[in-house]
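Understanding the architecture of this molecule
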Amino acid sequence: MTQDELFKNLIAHTKEYGFIFPSSEIYDGLSAVYDYGQMGSELKNNIKKYWWEAMVRLHENIVGIDSAIFMHPKIWEASGHVGAFNDPLIDNKDSKKRYRADVLLEDYIAKLEEKIEKEVEKGRRKFGESFDEEQFRATNPNVQRNLAKLNSVKEKMVAALKSNDFTALRQLILDCDIVCPVSGTKNWTEIRQFNLMFSTQLGNTSDETGIIYLRPETAQGIFVNFLNVQKTGRMKLPFGIAQIGKAFRNEIVARQFIFRMREFEQMEMQFFVKPGTELEWFAKWKQIRLEWHKALGMGDEKYRYHDHDKLAHYANAATDIEFDFPFGFKELEGIHSRTNFDLGRHQEFSGKKLQYFDPELNESYVPYVIETSIGLDRTVLAVLSGAYKEEQLENGESRVVLKFHPALAPVKVAVLPLIKKDGLPELAQKVMDNLKYDFNCQYDEKDSIGKRYRRQDAIGTPLCVTVDHQSLEDNAVTLRDRDTMQQERVSIDALPEIVDKKVNIKYLLKKLS
Ligand code: GAP
């Protein structure tokens, strides 16, 4: 099965089992907006908890806040979002479809990469055991031609974007013979800048003065509260402020399911440090954040750093943690050394001092900031795609199973009476009552036990407890493990401890050094 097919199956599965629904579906949906269902919300809450506790509970010098989505419009001028939070857009005059110019070129580059990989695959098949990939890549004329083309397009694109030269960017699209996927023509408009912020009107004002924005990132709510938190929390540098919340961007290219949405959630942390120490902290946070991802056990090879060559003018280091999604390695989290840019700009625009008095140096200064910024929805997608498995079983049957880390699983235990009579439901209910205050449990008595196991596999429940006739006599139940499908007999009294060891988030947190 191709990665594309697997991804389609995953999307269908998340809908069928109550994880993710298209927003406003009965009205044919709203593009790039999604709703989380009963399973998706639990999964999302567990991811939030893992992030929040890893940040706020495990670091004595990090505290969490919850700032408002609406903020003073000047904040977005100070942050640079009004002036520069833009995408270069181009329209096709025949189809009337709008595209991001850089994405059209990136897709073109991806096609060249695909061609190269296909050529290498052909070579591998042709030469068999004696195939020398390195030599093949260095000498095959088709590979070399496509590589040269790819590098040249990439170089020209980066240069045009860097200098905001949209004439050159448009010319590159024409030179590459890029056509609109809908109309198939090259009838392109000029390229224009398009601001990604959504705006709305505040209260009873109807003119321009009432315009406010839906925040495009949560970070600014942290910056403008820097002094409030520092003073009321008596925080000493270095310290961090964490926040989880909604952000909104009017994305033009909205695709790949919940990867790029117009309404999404971010988990951001700003770590305030003494100027001059920021690169040391940047290196530390790079490592801490990667460790957080890897502890989920989806495979270390699924992650890689992508250090930025082209830095924003206010950053002095930046990296992405990329995840191997079904559509390739893409950004999951950004880690940026943002210097004193944001606090400095808010100081300038608000006219209020945003400085820290350093008792050791006996002087005040604007701290530097390391930011870690991760998309919650993208993490949901990473966790779902890492967990989704279509398995062929030894008995010839197949199953779809979500092999989540147990601490993230929406339902921790399913309690299943073997049949619906003979006092088994009553005992199962007692088992359930004993567990439900500590763990999210699901009771299910419909259909055969096999079908019920499959349903639990499909939502990723780590443990199933089956109550049978023997349970009435020996006060024991059958415990089935989702991943190994092994079953063992355990005492009902021992269940809370066994389940706790398997699913309690504290064991996941303890893996982080
Ligand atoms: N404060 C820094 C900031 O917002 P960003 O790289 O634009 O940086 C950070 O966003 C993270 O937010 C990304 O790594 C990604 O996980 C998530 N994100 C950004 N735009 C998104 C979108 N349209 N849909 C879903 N997640 C998004």
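Residues numbered from 1 in each chain as written. Predicted model: local features only at pLDDT ≥ 70, side-chain atom pairs only at ≥ 80, totals over all residues. Heavy atoms only, no water.

Along the protein chain, the regular secondary structure elements total 18 helices and 23 strands. Summarising its shape, the C-alpha atoms of the protein chain cover approximately 80 × 70 × 55 Å along the three principal directions. Relative to its full complement of 513 residues, the protein chain shows a buried share of 48%. Sequence-distant contacts, at least 24 apart, represent 65% of the contacts inside the protein chain between residues at least 6 apart. (Helix = DSSP H or I, 4+ residues; strand = E, 2+ residues; numbered from the N terminus. Buried < 20%, exposed > 50% of the residue type's maximum accessible area, 1.4 Å probe, protein only. Contact = heavy atoms within 4.5 Å.)

The environment of the ligand is formed by 18 residues, the closest being Glu217, Arg249, Met261, Glu268 and Glu331. In this structure, Glu251 approaches the ligand through a side-chain N or O atom, which is 2.9 Å from a nitrogen atom. Coverage of the ligand by the protein chains reaches 91% of its 560 Å² of free accessible surface. Residue assignment for the shell around the ligand shows that the elements contributing at least two residues are β10 (263-273), β13 (328-337) and β16 (368-375). If one sorts the elements of the shell around the ligand by residue count, β13 sits on top with four residues. Classifying every residue of the shell around the ligand gives five nonpolar, four polar and nine charged. (Near = heavy atom within 4 Å. Polar contact = N/O pair within 3.5 Å; in protein donor to acceptor, adjacent residues only side chain to side chain. Areas by Shrake-Rupley, 256 points an atom, 1.4 Å probe, with all protein chains shown as cover. Nonpolar A, V, L, I, M, F, W, Y, C, P; charged D, E, K, R; others polar.)

What follows concerns the pattern of salt bridges. Scanning the model with the defined rule gives 35 salt bridges in all. Salt-bridge contacts for Arg100 lead to Asp87; the nearest nitrogen and oxygen are separated by 3.5 Å. Of this pair, Arg100 sits in strand β5 (residues 98-100) while Asp87 sits in strand β4 (residues 86-91), and the two are 13 residues apart along the sequence. A relative accessible area of 7% means that Asp87 is categorised as buried. Between Glu263 and Lys246 there is a salt bridge whose closest N-O contact spans 2.7 Å. Residue Glu263 is located in strand β10, and its partner Lys246 is located in strand β9 (residues 239-248); the two are separated by 17 residues in the primary sequence. Residue Glu263 is classed as partly exposed on the basis of its relative accessible area of 30%. With a relative accessible area of 28%, Lys246 lands in the partly exposed category. (Salt bridge = Lys/Arg side-chain N within 4 Å of Asp/Glu carboxyl O.)

Helix α13 (residues 376-387) packs onto helix α1 (residues 3-16) with a crossing angle of 110° between their chain directions and a minimal axis gap of 11 Å. If you check the angle between α1 and α13, you find them roughly perpendicular. Residue-level contacts link Phe7, Leu10 and Thr14 of α1 to Leu381, Leu384 and Ser385 of α13. Considered class by class, the residues forming the contact of α1 with α13 number four nonpolar, two polar and no charged. (Axes fitted to C-alpha atoms, helices over the stretch in contact; angles between N-to-C directions. Parallel < 35°, antiparallel > 145°, perpendicular 65-115°, else oblique.)

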